[in-house]
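Here are the chains, one letter per residue:
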Amino acid sequence: MKRFVFQSESLADTDRFGMALAAALSPGAVIALCGTLGAGKTRLVQAIAGGFGVPADTVVSPTFVLCQHYHGQRTLHHFDAYRLNDDDEFLELGPDEYFDSDDVTLIEWADRVERCLPDERLEMQLTVTGEQARQFECIAHGEEMQALLQQLSESL
Ligand SMILES: Nc1ncnc2c1ncn2[C@@H]1O[C@H](COP(=O)(O)OP(=O)(O)OP(=O)(O)O)[C@@H](O)[C@H]1O
Ligand SMILES: [Mg+2]
């Protein structure tokens, strides 16, 4: 499955989606989060991290620190590319080390650093569809991610 769309009608739906995604992610997974300000990128990272047992309040937007690390059943690296000026600034943060590890890496505003991302990744396009509603369009890049999307769609 190359594309899967999830309609979240509430924060509870987003948490359920994050939980299901966390359960389906294989080691070394990279998730590229795209969408406007307030679309729900950070909130979705919170939901996914929750799926790995990371308390929600430890997950905050890394807009100023640019990268944060959470330790649950899996280690998560959370980037925000919003304030970066170019690809080099992103690469200086050392993302390649995480891409090559068994950890999970999540990148907000990933479209800004797309050329630095691995071929195998899950792209997520977030859209505001209502006050409490969000659309999560998932696009699988690479065969492993296509298998993941299939599993995810069946578990929701
Ligand atoms: N169904 C939903 N799923 C996710 N977030 C929702 C939902 N309904 C409402 N929201 C709210 O939308 C807001 C999303 O903010 P969030 O910080 O996650 O956006 P963002 O995409 O990370 O923005 P930024 O580009 O500024 O980093 C939160 O206040 C969240 O509570
Ligand atoms: Mg954010």
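A few points on the structure. (Residues numbered from 1 in each chain as written. Chains lettered and ligands numbered in written order. Predicted model: local features only at pLDDT ≥ 70, side-chain atom pairs only at ≥ 80, totals over all residues. Heavy atoms only, no water.)

On to empty space enclosed by the protein, then. One pass over the full model with this rule turns up one cavity of 30 Å³ or more. Taken as a whole, the largest cavity encloses approximately 30 Å³ of empty space. Residue lining of the largest cavity: Ala32, Cys34, Ala110, Asp111, Glu114, Leu117, Arg121 and Glu123, and that is the complete set. Breaking the lining of the largest cavity down by element, the ones donating at least two residues are strand E2 (30-34) and strand E6 (121-128). Partitioned by chemical class, the residues of the lining of the largest cavity number four nonpolar, no polar and four charged. (1 Å grid on protein atoms, 1.4 Å probe; cavity = no way out; pocket = protein on both sides within 12 Å on 5 of 7 lines; lining within 4 Å. Points joined across faces, edges and corners; volume = space filled by probe spheres on them. Helix = DSSP H or I, 4+ residues; strand = E, 2+ residues; numbered from the N terminus. Nonpolar A, V, L, I, M, F, W, Y, C, P; charged D, E, K, R; others polar.)

Below, the discussion takes up the packing of helix H1 (residues 11-24) against helix H5 (residues 143-155). Two numbers describe a pair of packed helices, the interaxial angle and the distance between the axes. It is at 9 Å that the axes of H1 and H5 come closest, and there the two elements cross at 140°. One element, H1, and the other, H5, form an angle in the oblique class. Between H1 and H5 the crossing geometry is right-handed. For the pair formed by H1 and H5, the contact residues are Phe17, Ala20, Leu21, Ala23 and Ala24 on the first element and Leu148, Gln151, Leu152 and Ser155 on the second. In the contact of H1 with H5, the residues fall into seven nonpolar, two polar and no charged. (Axes fitted to C-alpha atoms, helices over the stretch in contact; angles between N-to-C directions. Parallel < 35°, antiparallel > 145°, perpendicular 65-115°, else oblique. Left-handed = near helix turned anticlockwise from the far one by under 90°. Contact = heavy atoms within 4.5 Å.)

Inspection of the entire model under this criterion finds six aromatic pairs. Judged by centre distance (6.2 Å) and plane angle (15°), the rings of Phe6 and Phe136 are stacked. Residue Phe6 is located in strand E1 (residues 3-8), and its partner Phe136 is located in strand E7 (residues 134-141); the two are separated by 130 residues in the primary sequence. Look at Phe136 and you get buried, because its relative accessible area is 1%. Where Phe79 meets Tyr98, the ring centres are 6.0 Å apart and the plane angle is 50°; that geometry is what we call tilted. Here Tyr98 lies in helix H4 (residues 95-99) and Phe79 lies in strand E4 (residues 75-80), a separation of 19 residues in the sequence. Residue Phe79 is classed as buried on the basis of its relative accessible area of 0%. We note Arg112 situated over the ring of Trp109; from NZ or CZ to the ring centre the distance is 4.8 Å. (Phe/Tyr/Trp six-rings, centres within 6.5 Å; stacked < 30°, edge-to-face > 60°. Buried < 20%, exposed > 50% of the residue type's maximum accessible area, 1.4 Å probe, protein only. Lys NZ or Arg CZ within 6 Å of the ring centre and 35° of its normal.)

Nothing here speaks to function; it is all geometry.
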